Amino acid sequence: MSEFDIVDAEAVRSGRATDAYFDRTATALEGAGRNPRVVAEVTADQFPTGEFELLAGLKDAVALLSGRDVDVHAIPEGRLFDGGPVMRIEGNYLEFARLETSLLGFLSHASAIATAALDCRVAAPDSQVLSFGARHVHPAMTAAVERSALVAGLDGFSHVAAGDLIGREASGTMPHALSICFGRGEQEAAWRAFDEAVDESVPRIALCDTYSDEVDEVLRAVDALGDRLDGVRLDTTGSRRGDFRHIVREVNWELDARGHGDVDVYVSGGLGPADLRRLRDVVDGFGVGGYVSNADPVDFALDIVAVEGEPAAKRGKLSGAKAVYRTAEGDHAVGLAARDGPADAEPLMEPVIRGGEVVADDAFDLDAATERALADAERVGYGSE
Ligand SMILES: O=P(O)(O)OC[C@H]1O[C@H](OP(=O)(O)OP(=O)(O)O)[C@H](O)[C@@H]1O
């Protein structure tokens, strides 16, 4: 048992990480000697809505289903989706009944976070945008948060252990705590201590709003570190912010007036896409936390849509195995998988597991997913005003 309230990976893989009613369903089916061959689909909206969302979490969903005697089709990670299934599972129901809870959790949270991150990405396409929201979520979720942010094309993230898992290094320089540990009026000592101790590979970005005016602290950071100063970060608290854009422009002006126009300016603290649009031409980078990490999970459900080859679904859901398409006009469409799709339409689902074997690593490779996300966002003009 873990000392923390964290369900471990073995419980997820084995199906113990399930809602109890699936356990009881499995017991009932086993008792009755019933284990039908079914098709089940993971869907948020039955029909396209015109609102695109970004699919993430497929890597973990595939890892969960691999080794089970199932065939799985899915939309590749990093694709925009809009209505119809994002995943289709075919097999005997008891092969995956207990996995539904974790499967939906993997896809729902990651896709929501990736979609929110894409909102930020397109709001400031030429700026550095970093994910700073790990502090808002349960530690068990941090790698999912950071990986989903990367799927959407964010430039980096703050969580160290998440980076270990993803295979990328976390970014970040200093919190207000560093200056406060040196004391009021001793910010220079804090910045110098950082510069003297921290590895040369880490950029020297001084946090410049702890005790006094931003311009004042920025110019003091320039005096303290000279040419070693790569950038400054302004995290001005909401109650003191006033006109944040004006503050940033003033900082840039005063840096430039003293021949330090090459010092980058980063901003953070409660920012979302509207702030990024408002500030993107005057800053070099953003730290975005809650807007991304706190996104409401996508409302995915898993439904049986065929039993023993016959259409079957609960009311409100569409029966029959489905395919989803991108039409020549760029819209998304849903149709029965057994029928031809619309003329010139591109099918979006592809096989990812066959008989328990993973057959499409590329469908959830992180770099490939990011490339797809940015291309899809461009194609549909995602987030454009
Ligand atoms: O507001 P969000 O978008 O969710 O961003 C997450 C946090 O990143 C910044 O932390 P910072 O290191 O500046 O704060 P601290 O030093 O006070 O901990 C900012 O103040 C937010 O608290």
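- Per an unreviewed UniProt entry, the recorded name for the protein is Nicotinate phosphoribosyltransferase, and the organism is Halorubrum cibi.

**Looking at helix 10 (residues 244–257)**
Now for step 1: If you check helix 10, its first and last C-alpha atoms are 20 Å apart, about what 14 residues at 1.5 Å a residue would give, namely 20 Å.
Now for step 2: The complete set of buried residues in helix 10 reads Phe244, Ile247, Val248, Val251 and Leu255. Buried residues of helix 10, seen end-on, are gathered within an arc of 95° and therefore sit on one face of the element. Away from its buried face by more than 90 degrees, helix 10 exposes Trp253, Asp256 and Ala257.
Now for step 3: Among the structural elements, helix 9 (214–225), strand 9 (231–234), strand 10 (264–268) and helix 11 (273–279) are those in contact with the buried residues of helix 10.
Now for step 4: Between the side-chain oxygen of the N-cap and the backbone nitrogen of arginine 245 there are 3.2 Å, and the N-cap of helix 10 in question is aspartate 243.
Now for step 5: Glycine 259 sits one or two positions beyond helix 10 and adopts a positive phi of about 75°.

**Details of the pairing of strand 12 (residues 301–307)**
Now for step 1: With 6 bridges connecting them, strand 1 (residues 37–43) and strand 12 associate as antiparallel partners. Paired with valine 38 across the bridge in strand 12 is valine 307.
Now for step 2: In the sheet, strand 12 pairs with strand 13 (residues 310–311) via 2 bridges, with the strands oriented antiparallel. Looking at the pairing, alanine 306 lines up with proline 311 of strand 13.

**Details of the UniProt feature "domain: Quinolinate phosphoribosyl transferase C-terminal" (unreviewed entry) in the protein**
Now for step 1: In the numbering used here, UniProt assigns the feature "domain: Quinolinate phosphoribosyl transferase C-terminal" (unreviewed entry) to residues 113–303.
Now for step 2: For residues 113–303, the end-to-end C-alpha separation is 23 Å, with 43% helix and 13% strand making up the annotated structure.

**Section: the site of the ligand**
Now for step 1: Taken together, 13 residues lie around the ligand, and His136, His176, Asp235, Gly270 and Gly290 are the ones closest in.
Now for step 2: Between an oxygen atom of the ligand and a side-chain N or O atom of histidine 136, the distance comes to 2.6 Å.
Now for step 3: The contact in question runs from an oxygen atom of the ligand to an N or O atom on the side chain of aspartate 235, over 2.7 Å.
Now for step 4: Summarising the interface, the protein chains cover 76% of the accessible area of the ligand, which totals 490 Å² for the free molecule.
Now for step 5: Taking a 2 Å distance to the grid points as the criterion, the majority of the atoms of the ligand fall inside the second largest pocket.

**Overview of unusual backbone geometry**
Now for step 1: Of note in the backbone geometry, glutamate 308 takes a positive phi value of approximately 50° without being a glycine.
Now for step 2: Overall, the relative accessible area of 52% leaves glutamate 308 in the exposed class.
Now for step 3: Unlike most non-glycine residues, aspartate 344 shows phi in positive territory, near 60°.
Now for step 4: Looking at the secondary structure, you find aspartate 344 in the loop between strand 15 (332–336) and strand 16 (346–347).

**Notes on the sheet that holds strand 3 (residues 70–74)**
Now for step 1: Across the sheet, which stays open at both edges, the 7 strands sit in the order 13-12-1-5-3-17-18 with antiparallel pairing between neighbours. Strands at the two margins of the open sheet, each flanked by one partner only, are strand 13 and strand 18 (357–358).
Now for step 2: In the sheet, strand 1 pairs with strand 5 (residues 85–92) via 7 bridges, with the strands oriented antiparallel. What sits directly across from valine 38, in strand 5, is glycine 91.
Now for step 3: Packed on one face of the sheet, helix 3 (residues 58–65) meets strand 3, strand 5, strand 17 (350–354) and strand 18 and runs near 5° to strand 5.
Now for step 4: Helix 4 (residues 100–123) rests against strand 1, strand 5 and strand 12 of the sheet, and its axis sits at about 125° to strand 12.

**Thoughts on the domain arrangement of the protein**
Now for step 1: The assigned domain composition of the protein is domain 1 (9–113 + 296–380) and domain 2 (125–294).
Now for step 2: Centre-to-centre, using C-alpha coordinates, domain 1 lies 38 Å away from domain 2.
Now for step 3: Facing 18 residues of domain 1, the contacting portion of domain 2 comprises 14 residues.
Now for step 4: With both chains or domains summed, domain 1 and domain 2 bury close to 1,200 Å², and 64% of this area falls on carbon and sulfur atoms.
Now for step 5: Of all residues in domain 1, Ile113, Leu366 and Thr370 give up the largest surface area on contact with domain 2, accounting jointly for 50% of the area buried on that side.
Now for step 6: In this assembly, domain 1 and domain 2 are joined by 2 salt bridges.
Now for step 7: A salt bridge links glutamate 77 to arginine 147; the shortest N-O distance between them is 3.0 Å.
Now for step 8: Elements represented by at least two residues in the side of domain 1 that touches domain 2 include exactly helix 4 and helix 13 (366–380).

The rules we used
- Every residue gets a number counted from 1 within its own chain, in the order that chain's sequence is written.
- Per-residue local features of the predicted model are confined to residues with pLDDT of at least 70, and side-chain atom pairs are confined, for both listing and counting, to 80 or more; whole-chain, interface and lining totals are unaffected and use all residues.
- Excluded from the side-chain calculation are hydrogens and water; included are all heavy atoms of the structure.
- Strands here are runs of E lasting at least two residues and helices are runs of H or I lasting at least four, both read from the DSSP assignment and numbered beginning at the N terminus.
- The length a helix should cover is 1.5 Å for every residue beyond the first.
- Partly exposed residues are those whose accessible area sits between 20% and 50% of the maximum for their type, while under 20% is buried and over 50% is exposed, using a 1.4 Å probe and protein chains only.
- In this description, one arc is meant: the one made by directions from the helix axis to the C-beta atoms.
- Working rule for contacts: check all heavy atoms of both residues, and any pair within 4.5 Å makes them a contact.
- Under this definition, polar contacts are N or O atom pairs within 3.5 Å; protein pairs additionally need one hydrogen-donor-capable and one acceptor-capable atom, and for neighbouring residues in sequence, both atoms have to be side-chain atoms.
- Strand pairing follows a simple DSSP-based rule, namely that at least 2 bridges must link the two strands.
- UniProt positions are given in the numbering used here, feature names are shortened, and annotations may be inferred rather than shown by experiment.
- In these notes, residues near a molecule or strand are those with any non-hydrogen atom within 4 Å of it.
- Each accessible area is a Shrake-Rupley result for a 1.4 Å probe, and residues are judged covered by the shown protein chains and nothing else.
- Of the two site types, the cavity is a set of points on a 1 Å grid over the protein atoms alone where a 1.4 Å probe fits but cannot get out, and the pocket is an open set with protein on both sides within 12 Å along at least five of seven lines, each lined by residues with an atom within 4 Å of a point.
- A molecule is said to be in a cavity or pocket once over half of its atoms fall within 2 Å of that pocket's grid points.
- A fitted line through C-alpha atoms serves as each axis, taken over the contacting stretch for helices, and the angle formed by two N-to-C directions is quoted from 0 to 180°.
- Source of the domain bounds: an automatic or database domain assignment.
- When two parts are brought into contact, each loses some accessible area as probed by a 1.4 Å sphere; the total of that loss over both is the buried area.
- Salt bridge criterion: a side-chain nitrogen from Lys or Arg within 4 Å of a carboxyl oxygen from Asp or Glu.

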